[in-house]
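# Structure at a glance
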Amino acid sequence: MTGWPSPYAPPGAGATPAGFDPARLLAALGLPVPAAGGGLPLARLDGGTGLSVTVAAALTAEARAVAAQRGTPLLVVVPPSHPAPSAPGAAGGAVGHEISAAAVLGAPGAAGGAVGPEISAASVLGAPGAAGGAVGPEMSATPVGPWPVVVAAASPWAVAGADLGLLVGERGPSDHAGLDEAGAADLVRRFLYLSVGLQPSLDEAPTEPPRPGPSLIELVPFAIDGAYDAEAVLAAVVDGGRWVELAAGAAPEVLTAVARLGGRPVGVTVSNPAHDGGRLTPAGCARVERLLDWCERGGRPWVSLVDSAGVAAAPTGPDAAGQEILRRAAARARSAEVTKLAVVVGRAVGLAATVLGAVGARADLVLPWPRAQLSLTPPPPGFDPAEAARLAAADRAATEGDLLDVIHPDETRARLIELLDLVRGRREYGTPPGVVR
Amino acid sequence: MAGTGGGWDEALAALAARREAGRQLGGPAAIERLHARGKLTARERIDLLFDPGTFRELGELVTGLVEVPGRPDREAPADGVVAGWGAVEGRRVMVVADDGTITAGARGPGGNRKAGRIRDLAAQNGYPLVLLLESSANRFQSMMGAQFAGASGGGSAGASPPAAPWQSTGRSPVVCAVLGTALGAASFQTMDAEFSTLAEGTAAMALAGPPVVQGGIGVEATPQDLGSGEVHATATGFIDHVAPDEADAIATVRRFLGFFPSSSWELPPRVPTGDPAGRVSPELADLVPLDHRKPYDMGRLVRTIVDDGDLLELRPRYARNIIVGYARIDGWTVGIIANQPRHLGGIVDVKAVIKAVRFAQICNAYNIPLVFLQDQPGFIVGPDSEREGALRQVVRLMNTAYGATVPMVTVLVRKAYGFSTWLLGGRAVGADHVVAWPSGAISLAAPEIGVATLLRNELAQGELSEERQLELYASYRKMSQARWAAYDFRIDDVIDPAHTREHLAAALAMVEGRRRAQLRTRRSFDTA
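Residues numbered from 1 in each chain as written. Chains lettered and ligands numbered in written order. Predicted model: local features only at pLDDT ≥ 70, side-chain atom pairs only at ≥ 80, totals over all residues.

## Regarding the overall build of chain A
Across its full length, chain A carries 14 helices and 15 strands. Burial statistics for chain A: of 437 residues in total, 58% are counted as buried. Once local pairs closer than 6 in sequence are excluded, the contacts in chain A between residues at least 24 apart make up 70%. (Helix = DSSP H or I, 4+ residues; strand = E, 2+ residues; numbered from the N terminus. Buried ≥ 20, exposed ≤ 12 C-beta atoms within 10 Å, placed from the backbone. Contact = placed C-beta atoms within 7 Å.)

## Side note on the overall build of chain B
A tally of regular secondary structure across chain B gives 22 helices and 19 strands. Oriented by its inertia axes, the alpha-carbon framework of chain B measures out at about 100 × 55 × 40 Å. Within chain B, the fraction of its 528 residues that count as buried is 51%. Residue pairs at least 24 apart in sequence account for 73% of intrachain contacts in chain B once pairs closer than 6 positions are excluded.

## Focus on the sheet that holds strand 5 (residues 91-98) of chain B
All names here are of chain B. Taken in spatial order, the 7 strands make up an open sheet running 1-4-5-6-7-9-11, and their pairing is mixed. Both outer strands of the open sheet, strand 1 (56-58) and strand 11 (241-243), are each paired with one neighbouring strand and no more. Strand after strand, the sheet turns through a mean of 20 degrees between neighbouring axes, direction not considered. The strands that helix 6 (residues 185-192) touches are strand 6 (129-133), strand 7 (174-178) and strand 9 (195-199); relative to strand 7, the one it contacts most, it runs at about 130 degrees. (Pairing = 2+ DSSP bridges. Axes fitted to C-alpha atoms, helices over the stretch in contact; angles between N-to-C directions.)

## Quick notes on the domain arrangement of chain B
Residue and element names in this part refer to chain B. Its domain assignment divides chain B into domain 1 (8-259), domain 2 (283-440 + 481-517) and domain 3 (445-480). Computed from C-alpha coordinates alone, the two centres of domain 2 and domain 3 are separated by 28 Å. Facing 6 residues of domain 2, the contacting portion of domain 3 comprises 5 residues. Tallied by class, the residues present in the side of domain 2 that touches domain 3 amount to 3 nonpolar, 3 polar and no charged. (Domains from an automatic or database assignment. Nonpolar A, V, L, I, M, F, W, Y, C, P; charged D, E, K, R; others polar.)

## Looking at the packing of helix 8 (residues 282-298) of chain A against helix 9 (residues 320-335) of chain A
All names here are of chain A. Contact geometry for helix 8 and helix 9: axes closest at 9 Å, N-to-C directions at 25 degrees. Our classification of the angle between helix 8 and helix 9 gives roughly parallel. Where helix 8 crosses over helix 9, the handedness of that crossing is left-handed. On the side of helix 8, the interface is formed by Pro282, Cys285, Val288, Glu289 and Leu292, while helix 9 contributes Gly322, Ile325, Leu326, Ala329, Arg332 and Ala333. Within the contact of helix 8 with helix 9, the residues separate by chemical class into 8 nonpolar, 1 polar and 2 charged. (Parallel < 35°, antiparallel > 145°, perpendicular 65-115°, else oblique. Left-handed = near helix turned anticlockwise from the far one by under 90°.)

## Overview of the pairing of strand 2 (residues 52-56) of chain A
Residues and elements named next belong to chain A. Of all 5 residues that make up strand 2, 4 are buried, and the element is covered over most of its length. Two elements, strand 1 (residues 42-44) and strand 2, share 3 bridges in a ladder whose sense is antiparallel. What sits directly across from Ala43, in strand 2, is Val53.

## Let's talk about the nonpolar core
Core analysis: the largest hydrophobic core is formed by 248 residues, its most contacted members being A:Val344, A:Val355, A:Ala358, B:Val95, B:Val175, B:Ala177 and B:Ile337. The leading source of residues in this core is helix 13 (residues 350-365) of chain B, at 11 residues. In this structure A:Ala358 touches A:Ser304, A:Val306, A:Ala342, A:Val344, A:Ala348, A:Ala353, A:Val366 and A:Leu374, once residues within four positions along its chain are discounted. (Core = buried A, V, L, I, M, F, W, Y, C linked by C-beta atoms within 7 Å.)

## A look at the environment of B:Val271
All names here are of chain B. Here Val271 shows up in the loop between helix 10 (246-259) and helix 11 (283-287). The spacing of Val271 and Phe259 is 12 residues in sequence and 8.8 Å in space, taken between C-alpha atoms. If we skip the residues at most four places from it in the chain, Val271 touches Arg328 and Gly331.

## A word on helix 15 (residues 390-403) of chain B
Residue and element names in this part refer to chain B. Under the 1.5 Å per step criterion, the end-to-end length of helix 15 is 20 Å for 14 residues, consistent within 8% with the ideal 20 Å. Within helix 15, the full set of buried residues consists of Gln393, Leu397, Thr400 and Ala401. Projected onto a plane normal to the axis of helix 15, the buried residues spread over an arc of 95 degrees and lie on a single side. Residues Leu391, Arg392 and Tyr402 are exposed on helix 15 and point more than 90 degrees away from its buried face. Summarising the contacts, the buried residues of helix 15 are in contact with helix 13 and helix 16 (419-423). (Expected span 1.5 Å × (residues − 1). Arc of directions from axis to C-beta.)

## Remarks on the confidence of the model for chain B
Residues and elements named next belong to chain B. When the pLDDT values of chain B are averaged, the result is 88; 90% of them are 70 or greater. For the stretch residues 153-163, pLDDT sits under 50, and the model shows 32 contacts to residues farther than four places along the chain or on other chains. ipTM for the predicted complex: 0.80, alongside a pTM of 0.83. (pLDDT = per-residue confidence, 0-100.)

## Some details on the confidence of the model for chain A
Caution is warranted with low-pLDDT regions, since their predicted coordinates should not be read in detail. Residues and elements named next belong to chain A. Here chain A shows a mean pLDDT of 71. Residues at 70 or above account for 63%. Here helix 4 (residues 121-125) stands out as the element of chain A with the lowest mean pLDDT, 23, in contrast to strand 12 (residues 302-308), whose mean of 97 is the highest. Low pLDDT (under 50) marks residues 154-165, which in the prediction has 70 contacts with non-local residues, meaning those over four places away or in another chain. This model gives residues 167-173 a pLDDT under 50, and the stretch forms 41 contacts once residues within four places in sequence are excluded.

Printed below as a string of structure tokens:
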């Protein structure tokens, strides 16, 4: 002990006006409260039984370097007394590609900012004007490898910058609003366990079965317009039926999440046709791009379950600016250097199909279900729907060799796990010069 | 399926029926005709290639349409190509197998896309790719007319142009088994492959087939005339292994893959064989005569020192004065390059250099150490070899040897004369370990040539008696003894022939660390 007072008040005493208490968060995570001048302690979650993390009071270059050296996630719990940045958003960006995930706990009004001009947490969450803040003035591009960074910040301004993976707050713009410290800690814990990839090889990874429940053909009606629960489909595919959603509530036409598949951490996008036929909005594109950032930074595969009737019409959909966002998201999906596997569950139409990885996104493999339909545009008014369905049918593309299989829905999980193993060398091996995917 | 208005049951039943149709290939009658010609179907070949039950097919639903003017259109299940992946000795390998029951193995557009996607997956992920080739070209009718301008030889799954076959050379091995009449694209791929085999009698490989030859230059020729196994085994040397039948060809592909890493980013698998590294071979001293002019079988010597006598010799009937092939020593895969005194005294001629250079380049690309066994009188000289382009080939060997980063271990068995001594694993090109047998002799030239060159005038004027010449030869022979090189450490040691295997195993263990350090370096090779 140095004799300096701890920067953290005793649990309960240091709450923000909204009630957020970083010390309670640490307690809920089963971590000791670091002492002032105590450096960057290495601790294990859940009272020494869980994942090892490096704990810091500010997101500094040193903290990140130390965590990288240790090969642990970095948990930054910002004390309430931390000074506010001089210019909101000024230091939050330019973190570079090195941080793969972050969880940010913010009080009301907090928002992830400075994600870059093209996508910010604020834009994801539809809160223009929310302050993009920095956790500290010392953020730099020090490479830290694929280890997640978690930032817990009590002050309204003190949220992470460009490397957002998860925003958790009591209310207001966040990935998951309305959580208390215990709920937030649980989310952070699940997020870390899902995203820390300690099992690069399928052979070494415990493959947890999906959550027991109805089969996929029981969940999803064969009729292309039949309604189904996208979350139930996801639960039937990923390990243990577990995931942590990013930007929950924003752009309900597409769910983005962190999960495991065959023991391997993956980023998942799932269309939600129950909301406007899964038509993508600019906000939905931003969600997808943010997930791709997370996948790319940690070398994690992207798995996409696609059922989107295209792009949403104005006013939520593409005006000129929205079109530009869509175009850019499509380019992002195409250029992302990650393993990409797409399952076409239902419709895959136009530019939305590219943003979601099904068409023209240089996916490693695209596996449609028998009900799937792929088309450049929705059928024009007056066009015979039966003929449109025949032309767009996935089995037609499979017959001609444009798609290389049509799968039984209930084989989805097994096929994805098998293909993740097949293409696992791609990122490491690289793309031979001149080979165009 | 979609759009049919039915439900899941109907759609899934239709899917199962389509898969079953694809499995039937061209139907029982076509399969019977194929068998009658001594050939196997694509699926039967795949069964021979992979460990049982490991094949996973991709593109099973692809169905082509064969359109010939004046004939009814007919469906082509799988569109002429069966593709996917499986395991060979537990390691993943991609395969594209042409279906001889449909249009003699020519591919439709869908089949071509399928083949291209498998090739891309192999290249991008670092898996070996085995091509079981029939004619393997695009269907003639799909290439007639101006559409030929947009056709491609290998296909690609996307709208983007396909990668050239050479773009994966030196990255992940491509193996071609020519099992039909491989023309055009199929022959190009085979020329670029890391390993090739051809089934004698039922297969041939050429640039163009009989109809084109007849139409183009008015010469009647059968596929066998143009490119039989015999042609490629002896005249061209293009095929590494000419097999008596398809089963042997595919078994040899498996054998080859066992020696190789999945990609150039890996070391070859070390497979303990149970043959002790320290096994002593006293018979070697009896095998090799001390008289440098007496022949012996270097192949037997090689098989004596490698694990279990197992040598996969490549192009054995082409340039028989040099032996190249894969083997194991103490479980390590090695590339053997050995002069064969039984043919042309082991002289290094143009064909020998062509054979050795390509082999050395492939070993270098795949982190396979080279083991040289020298017994050679130097490069062949004279007007004929000059006209054959000896100079160019010697320079290719020089560039290959100096550029090699893979470990080299050399045994000077008997004579090691001329610059070829350096280029076939000499210290000059950075060999890691060079030892000689007591029978070894090292010199710029054989004694007879040395005397003839240095004392040319005296010889011409009859001033050098025969007795004096013999004295000089004896003197040069003594000066050439390998022990002199060992005394001042120009070579590492002079060893007992019986302990050759033990020395090689120790040297290979010594260089393993260096091999690991070089894994990320890409090294390509050329076709010749």
